[in-house]
Amino acid sequence: MITIVKQTLQRLRGQIIGWGIALGLFGMMMVSFFNTIAGQGTKIDDLLKLYPKDMMAFIGDFSQYSTPVGFLNTEFFSMMPIILGIFALLVGSGLVAADEENGNLDLILAHPVSRSSFFWGRFGGTVLATTLIMAIAWLGMILAKLWASFSLDPAQLAVAFLPLLGIIFLYFGVAVLMSMLLPSRKLAAMVTALLVVGGFLLNGLSKIGTKLRDVGYLLPNHYYQGADAIHGMNWKWFLGYVVVGFVCSLAGYLLFERRDIRVMGEGQWRIKNFKGKTLNSE
Amino acid sequence: MSQTAIQFSGLRKSYGGTEVLHGIDLEIDQGEIFGFLGPNGAGKTTTIRCLLDLIHPNGGKITIMGLDPQLDPVKVRSLTGYLPGELHLEDNLKAKGVFEYFAQLRGNHLDWNFVQELCQRLDLDLSLPVKSMSKGNKQKVGVVQALMSKPSVLLLDEPTSGLDPLIQQEVLKLVKEAAKAGATVFFSSHVLSEVQEIAARLAIIRDGRIVEVAKTEDLLHRSLRIVEVRFRDTVPVAELKALGVRHLHVRDHLASFQVEGSLQALMQLLGKYAVVDLESVHPSLEEVFLSYYGGGDHDHHR
């Protein structure tokens, strides 16, 4: 399994560097900008009060904008579930399906590697890669503290990343499960993208309109704290993300363990007719 | 007495509602080179992939070196070297990286001198990136990775596909050497001449059913003969057909056909006609193979 973890990290090396540096620079820039924002005193708060309330629903509580936590929430953490969600759905849907559709899986599994070692090796490597990307983003913020006065310490900033890690893990698990349920990686990514983007939009709308309020409770974004976790981490919500993400991944693994490996290419829908006979098969 | 290395008993496999293997029964002895012949879609690759638990059979039993691949897939794979029919390799690696990766999957128990020797014999550059490799070079990588761990069982699906004739010969030599060293080789091929060259026994699969299992030599020298008869007058087509000859082809006064079994009835028939010339030869494996796929079409033109 260690070999698979190492190989997965090696494959994702470019993505870790690319996503990590991009988010690191973005975090660094945001922390550096905070001095300028804080220097404006109440002017910014007065300006933001003029913004439509609906906007607040999507990108955080503007009333806290001049505080480090509120600023980070609005400028960084509010959008991260979508940005890193794209990474999660791509790597999750391709966890096993990428190798299978490329035709590599046949030969890998012809070596003394169990399906469980392969699956959990890829899983471990990908979770580690995601954590590394966030660690680089965190590091960018820490480095910016060298020249910018920012009251949050490294430990507090690390806590702010935990809810993000949780929701991304959930998206990743859903993408893994979808890739085992649906005939292709592309389709699995599309369905998970609906949850990532649709969830974000619906959650925002549920805060505005009373009709959608109850729908909000069903969405992962409703339980996303962002940097507010610094004021008090909701471990139940975090655990909820981890459990749902893991259960989805486990279900994906069980499906992988039981099914045939394709030589290559995408699969087909397995639709049964009224006699229970499969009309299209892999 | 030779021991069984691979055994199939009533192996069945369906995809959706369609059965593609209808009860395969085969036994391959240890140290044997066994050819597996059949056209595309006959079930060769499906049979081989069942051996490695890449796909799950719907019925029947398989054992490799006494192990059930479904119960002990990792152990089975540790004893096996496999070359898939459709070979795809990690694009971001070089040939050396591919071997290193597979060696790691095998727990690093690898003789690198042997890997280098194999590459040298197949004229494969270890520093070549996979993404810039020709089909032939990729196939060489496939052959090396199958052989490099000196496995007890070699499962080769079209091993010489895409290789030039010189390298094909070298691959067949390597396979023979592996068998000589004690490996059991189960290989599928369309190239009948190479099966004829290296396989001691073979099976012919047709539409998911084994239609023949025989020693290659026996199959070639079996009572099946290709006969060419030049008649002085008209060819007695109806009477030849009534005898049950296969692949009858008539051109002017010349009739060519295959006869299975005794030639006595044919000789009696020919005795009634004026025969100018008669030639009877044993067919090549190619012709034997085609006779199984002729579907009993007596008028098939060779």
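Provided above is the structure to which this section pertains.
Residues numbered from 1 in each chain as written. Chains lettered and ligands numbered in written order. Predicted model: local features only at pLDDT ≥ 70, side-chain atom pairs only at ≥ 80, totals over all residues. Heavy atoms only, no water.

Q: A description of the overall build of chain B should follow, citing residues and the corresponding values.
A: In terms of regular secondary structure, chain B is built from 11 helices and 13 strands. Dimensions of chain B along its principal axes, counting C-alpha atoms only, are 75 × 40 × 40 Å. Classification of the 302 residues of chain B by burial places 51% in the buried group. A separation of at least 24 residues holds for 69% of the contacts in chain B among residues at least 6 apart in sequence. Per element, the accessible surface of chain B, about 13500 Å² overall, is 47% carbon and sulfur. Mean positive and mean negative side-chain charge positions of chain B (32 and 38 charges, respectively) differ by 2 Å. (Helix = DSSP H or I, 4+ residues; strand = E, 2+ residues; numbered from the N terminus. Buried < 20%, exposed > 50% of the residue type's maximum accessible area, 1.4 Å probe, protein only. Contact = heavy atoms within 4.5 Å. Areas by Shrake-Rupley, 256 points an atom, 1.4 Å probe, with all protein chains shown as cover. Lys, Arg positive; Asp, Glu negative; His and termini not counted. Charge placed at Lys NZ, Arg CZ, Asp CG, Glu CD.)

Q: Describe the packing of helix α5 (residues 68–77) of chain A against helix α10 (residues 154–181) of chain A, and please don't skip the residues or the numbers.
A: Residue and element names in this part refer to chain A. Two elements in contact, α5 and α10, have axes whose closest approach is 12 Å; the angle formed by their N-to-C orientations is 45°. The orientation of α5 with respect to α10, classified from their angle, is oblique. Read as a crossing pair, α5 and α10 show a hand that is right-handed. Every residue of α10 that contacts α5 at L72, F76 and F77 is listed here: L157, A160, F161 and L164. Class assignment of the residues belonging to the contact of α5 with α10 gives a composition of 7 nonpolar, no polar and no charged. (Axes fitted to C-alpha atoms, helices over the stretch in contact; angles between N-to-C directions. Parallel < 35°, antiparallel > 145°, perpendicular 65-115°, else oblique. Left-handed = near helix turned anticlockwise from the far one by under 90°. Nonpolar A, V, L, I, M, F, W, Y, C, P; charged D, E, K, R; others polar.)

Q: Just give me the short version of the interface of chain A and chain B, but keep the residues and values in it.
A: Contacts between the two partners involve 31 residues from chain A, matched on the other side by 27 residues from chain B. Summed over both partners, the interface of chain A with chain B buries about 2700 Å², with 55% contributed by carbon and sulfur atoms. Ionic pairing is found between A:R11 and B:E90, a salt bridge with its closest N-O pair at 2.7 Å. Summed over the shared surface of chain A and chain B, the number is 14 residue pairs in polar contact (both at pLDDT 80 or more). Secondary-structure elements contributing two or more residues to the side of chain A that touches chain B are α1 (2–11), α7 (97–102), α8 (105–108), α9 (115–144) and α13 (235–258) of chain A. Looking at the side of chain A that touches chain B, the element that brings in the most residues is α1(A), giving 4 residues. Of the residues belonging to the side of chain A that touches chain B, the class tally is 10 nonpolar, 9 polar and 12 charged. (Buried area = accessible area lost by both parts, 1.4 Å probe. Salt bridge = Lys/Arg side-chain N within 4 Å of Asp/Glu carboxyl O. Polar contact = N/O pair within 3.5 Å; in protein donor to acceptor, adjacent residues only side chain to side chain.)

Q: Before we move on, could you go through the pattern of salt bridges and cite the residues and values that matter?
A: All chains considered together, the criterion is met by 18 salt bridges over all chains. Across the salt bridge formed by A:D99 and A:R11, the nearest N and O atoms sit 2.9 Å from each other. Highlighted residues: A:D99 in helix α7 and A:R11 in helix α1, separated in sequence by 88 residues. The network of salt bridges with shared partners includes B:E117, B:R121, B:E170, B:K173 and B:E177.

Q: Could you give an account of helix α11 (residues 185–208) of chain A, naming the residues involved and the relevant values?
A: One turn of the α-helix equals 3.6 residues, which is why residues spaced by three or four share an orientation. Here α11(A) contains 24 residues, and its C-alpha end-to-end distance of 35 Å stays within 8% of the 34 Å for a straight helix at 1.5 Å per residue. Along α11(A), the helix axis deviates most sharply at A:G198, where the bend reaches about 30°. (Expected span 1.5 Å × (residues − 1). Bend = angle between axes of the 7 residues up to and from the residue.)

Q: Could you give me a rundown of the nonpolar core, with the residues and numbers involved?
A: Core analysis: the largest hydrophobic core is formed by 155 residues, its most contacted members being A:F77, A:L164, B:F8, B:F99 and B:F186. Per-element tally for this core: the top contributor is α10(A), with 16 residues. Ignoring any residue separated from it by four or fewer positions in sequence, one finds B:F99 in contact with B:L110, B:W112, B:V115, B:C119, B:L124, B:L126, B:V141, B:V144, B:Q145 and B:M148. Grouped together as the second largest cluster of nonpolar side chains are 13 residues, B:V235, B:L248, B:L266 and B:L270 included. (Core = buried A, V, L, I, M, F, W, Y, C linked by side-chain atoms within 4.5 Å.)

Q: Residues and numbers for unusual backbone geometry, please.
A: All names here are of chain B. One non-glycine residue, M65, lies in positive phi territory at about 50°. Mapped onto the elements, M65 comes out in the loop between β4 (59–64) and α2 (73–78). A relative accessible area of 28% places M65 in the partly exposed class. At K150, a position not held by glycine, the phi torsion is positive, near 50°. Mapped onto the elements of the fold, K150 is located in the loop between α5 (135–147) and β6 (153–157).

Q: Provide a residue-level description of the packing of aromatic side chains, including the pertinent values.
A: Within the structure shown, the criterion is met by 24 aromatic pairs over all chains. Where A:F76 meets A:F77, the ring centres are 4.9 Å apart and the plane angle is 75°; that geometry is what we call edge-to-face. As far as the burial class goes, A:F76 and A:F77 line up, both buried. An aromatic cluster is built from A:F118, A:F119, A:W120, A:F123, A:F169, A:F172, A:F246, A:Y253 and A:F256, whose rings are joined through pairwise contacts. We note A:R115 situated over the ring of A:F256; from NZ or CZ to the ring centre the distance is 5.7 Å. One Lys or Arg, B:K150, reaches over the ring of B:F114 and ends 4.7 Å from the middle of that ring. (Phe/Tyr/Trp six-rings, centres within 6.5 Å; stacked < 30°, edge-to-face > 60°. Lys NZ or Arg CZ within 6 Å of the ring centre and 35° of its normal.)

Q: If you had to explain the environment of B:V191 to someone new, which residues and values would you point to?
A: Residues and elements named next belong to chain B. Take V191: it is sitting in the loop between β7 (184–189) and α7 (192–198). Its relative accessible area of 34% is what places V191 among the partly exposed residues. Residues V191 and G97, 94 residues apart in the sequence, show an inter-C-alpha distance of 31 Å.

Q: Any details on the side chain of B:E32? Residues and values, ideally.
A: All names here are of chain B. When you line up the elements, E32 lands in the loop between β2 (18–29) and β3 (33–37). Classification of E32 as buried rests on a relative accessible area of 9%. One polar contact links E32 to R201, side chain to side chain, over a distance of 2.4 Å. When near neighbours in sequence (up to four residues on either side) are disregarded, E32 contacts A183, T184, V185 and R201.

Q: Residues and numbers for the sheet that holds strand β12 (residues 254–259) of chain B, please.
A: All names here are of chain B. In space, the 4 strands of this open sheet follow the order β11-β12-β10-β13, with antiparallel pairing throughout. Edge strands, defined here as strands with exactly one partner in the open sheet, are β11 (246–251) and β13 (275–281). If you compare each strand with its neighbour and ignore which way they point, the axes differ by 15° on average. Relative to β12, β11 runs antiparallel, the two sharing 4 bridges. (Pairing = 2+ DSSP bridges.)

Q: I'd like a description of α5(B), backed by residues and values.
A: Residue and element names in this part refer to chain B. Here α5 contains 13 residues, and its C-alpha end-to-end distance of 19 Å stays within 8% of the 18 Å for a straight helix at 1.5 Å per residue. Most of α5 is tucked away, with 11 of its 13 residues classed as buried. What α5 keeps buried is the set G136, N137, Q139, K140, V141, G142, V143, V144, Q145, A146 and L147.

Q: Explain the sheet that holds β4(B) to me, using residue names and the numbers behind them.
A: Backbone-to-backbone hydrogen bonds pair the strands of a sheet. The strands run either parallel or antiparallel. Residues and elements named next belong to chain B. What the 3 strands build is an open sheet, ordered β2-β1-β4; its pairing is antiparallel. Two strands in the sheet have a free side with no partner beyond their single neighbour: β2 and β4. Looking at each pair of strands side by side, their axes are set apart by 15° on average, direction ignored. Helix-sheet contacts for helix α1 (residues 44–51) involve β1 (4–15), β2 and β4, and the interaxial angle to β1 is about 115°.

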